[in-house]
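The residues making up each chain are set out below.
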Amino acid sequence: MTDTPSRPADFWEARYRDSGRVWSGRPNDLLVREAADLGPGTALDLGCGEGADAVWLASRGWRVTGVDISATALERAAAHAADAGVGERTAWERHELGRTFPEGFFDLVSAHYLQSPVALDQRGVLRSAAHAVAEGGTLLIVLHAAWPSWQTEPPFDAVFPTLDGLLDDLALPDEAWTLVTRETVSRPSTSPEGVEGHREDHVWRLRHR
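Not measured: the values here are computed from a predicted model.

For the rest of this paragraph, the subject is the overall build of the protein chain. Check the secondary structure of the protein chain and you find 6 helices and 7 strands. Expected size for 209 residues packed as a compact globule is a radius of gyration near 17 Å; at 17 Å, the protein chain falls within 12% of this value. Taken along its principal axes, the extent of the C-alpha atoms in the protein chain is 50 × 40 × 30 Å. Sorting the 209 residues of the protein chain into buried and exposed places 44% on the buried side. Partitioning the contacts of the protein chain with sequence separation of at least 6, the portion at a separation of at least 24 is 70%. Accessible surface, the protein chain as shown: approximately 11,000 Å² in total, 48% of it carbon and sulfur.

Here it is, written out as structure tokens:
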């Protein structure tokens, strides 16, 4: 039995490299719900994985920069974009968020499930995400609120944010930001063994005035 890599880059690269497709290839439901009414512009997808969210945005006219720590994930994301016919509207950058961050400002910054069993400066990354939102732009954050209902023994220690706690961590000035969505959403979740249950996610959508 091999040890689990402790360095974030090694852990996530092994996660993708040592398996086939990790995710479904479909965009996150909460991205679709929250971004469907936004006019296209430039978007930054943090922790883009295999690119489903970025490809969905690009298919709606956005110019998207997808960011991930895994080179293998980014290769798959680029292939997905090419297959979907939106390769020219997507760009891919490798970053270990918390150490490096994309340059520029974006009309939409999306961060879905930036939660990790290995080291991640979540608060610092999300603050950087807020700083990357252009005036008039949108910050969309979705995070797990708890373990799934069927998870009796959590596989690692995790601190889940509260709705107000994350806003306190971001410390965004009220005069510059409008809170559009602050909600907990419950969705069906099935364990690898087929046990049915549910999982709750927190959603925050803010507009930079």
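The biggest cluster of nonpolar side chains holds 25 residues, and the ones touching the most others in it are Leu 46, Val 109, Leu 126, Leu 139, Ile 141 and Trp 177. Secondary-structure elements contributing two or more residues to this core are β1 (42-46), β4 (106-112), α5 (122-131), β5 (133-144), α6 (163-170) and β7 (196-208). Once residues lying within four places of it in the same chain are set aside, the contact partners of Trp 177 are Ala 130, Val 133, Leu 139, Leu 172, Leu 206, Arg 207, His 208 and Arg 209. Formed by 19 residues, the second largest nonpolar core is a distinct cluster that contains Leu 31, Ala 54, Val 86 and Leu 140.

On to the packing of aromatic side chains. A full pass over the atoms with the stated rule returns 3 aromatic pairs. Geometrically, the ring pair formed by Phe 11 and Trp 12 is edge-to-face, given 5.0 Å between the ring centres and 85 degrees between the ring planes. A relative accessible area of 15% means that Phe 11 is categorised as buried. Looking at Trp 12, the relative accessible area reads 17%, which means it is buried. A centroid spacing of 5.5 Å and a plane angle of 90 degrees characterise the contact between Trp 147 and Phe 160, whose relative ring orientation is edge-to-face. Here the residue Trp 147 occupies a position in the loop between β5 and α6, and Phe 160 occupies one in the loop between β5 and α6, the gap between them amounting to 13 residues.

Turning our eyes to something else, we now look at unusual backbone geometry. Within the chain, Tyr 113 stands out as a residue other than glycine whose phi angle is a positive 60 degrees. The topology assignment puts Tyr 113 in the loop between β4 and α5. The backbone of Ala 171 sits at a positive phi, close to 55 degrees, despite the residue not being glycine. Looking at the secondary structure, you find Ala 171 in the loop between α6 and β6 (177-190).

Okay, the pattern of salt bridges next. Taken as a whole and judged by the stated rule, the model has 12 salt bridges. Across the pair Arg 33 and Glu 183 runs a salt bridge, and its minimum N-O distance is 3.0 Å. Highlighted residues: Arg 33 in helix α2 (residues 29-35) and Glu 183 in strand β6, separated in sequence by 150 residues. Arg 89 is the salt-bridge partner of Glu 88, the closest N and O atoms lying 3.3 Å from each other.

Cut-offs applied
- Residue positions within a chain follow its written sequence, with the count starting from 1.
- Given that the model is predicted, a residue must reach a pLDDT of at least 70 before its local features are reported, and side-chain atom pairs must reach 80 or more before they are shown or counted; all residues, however, enter totals for whole chains, interfaces and linings.
- To get the side-chain values, all heavy atoms of the structure are used, and hydrogens and water are removed first.
- Runs of H or I in DSSP of at least four residues are treated as helices and runs of E of at least two as strands, each being numbered from the N terminus.
- Throughout, the radius of gyration refers to the C-alpha atoms, and the reference size of a globule is 2.2 Å times the residue count to the power 0.38.
- Think of it in three bands: residues with accessible area under 20% of the maximum for their type are buried, residues over 50% are exposed, and the middle band is partly exposed, with areas taken using a 1.4 Å probe on protein chains only.
- Contacts are assigned to residue pairs that have any heavy atoms within 4.5 Å of one another.
- Using a 1.4 Å probe, the Shrake-Rupley method yields the accessible areas, and only the shown protein chains count as cover for residues.
- Take the buried Ala, Val, Leu, Ile, Met, Phe, Trp, Tyr and Cys residues and link them wherever side-chain atoms come within 4.5 Å; each set so joined is a nonpolar core.
- Here a Phe, Tyr or Trp ring, Trp counted by its six-membered ring, pairs with any other such ring whose centre lies within 6.5 Å, and the pair is stacked when the planes are under 30 degrees apart, edge-to-face when over 60, and tilted otherwise.
- Salt bridges are defined as contacts in which a side-chain nitrogen from Lys or Arg sits within 4 Å of a carboxyl oxygen from Asp or Glu.

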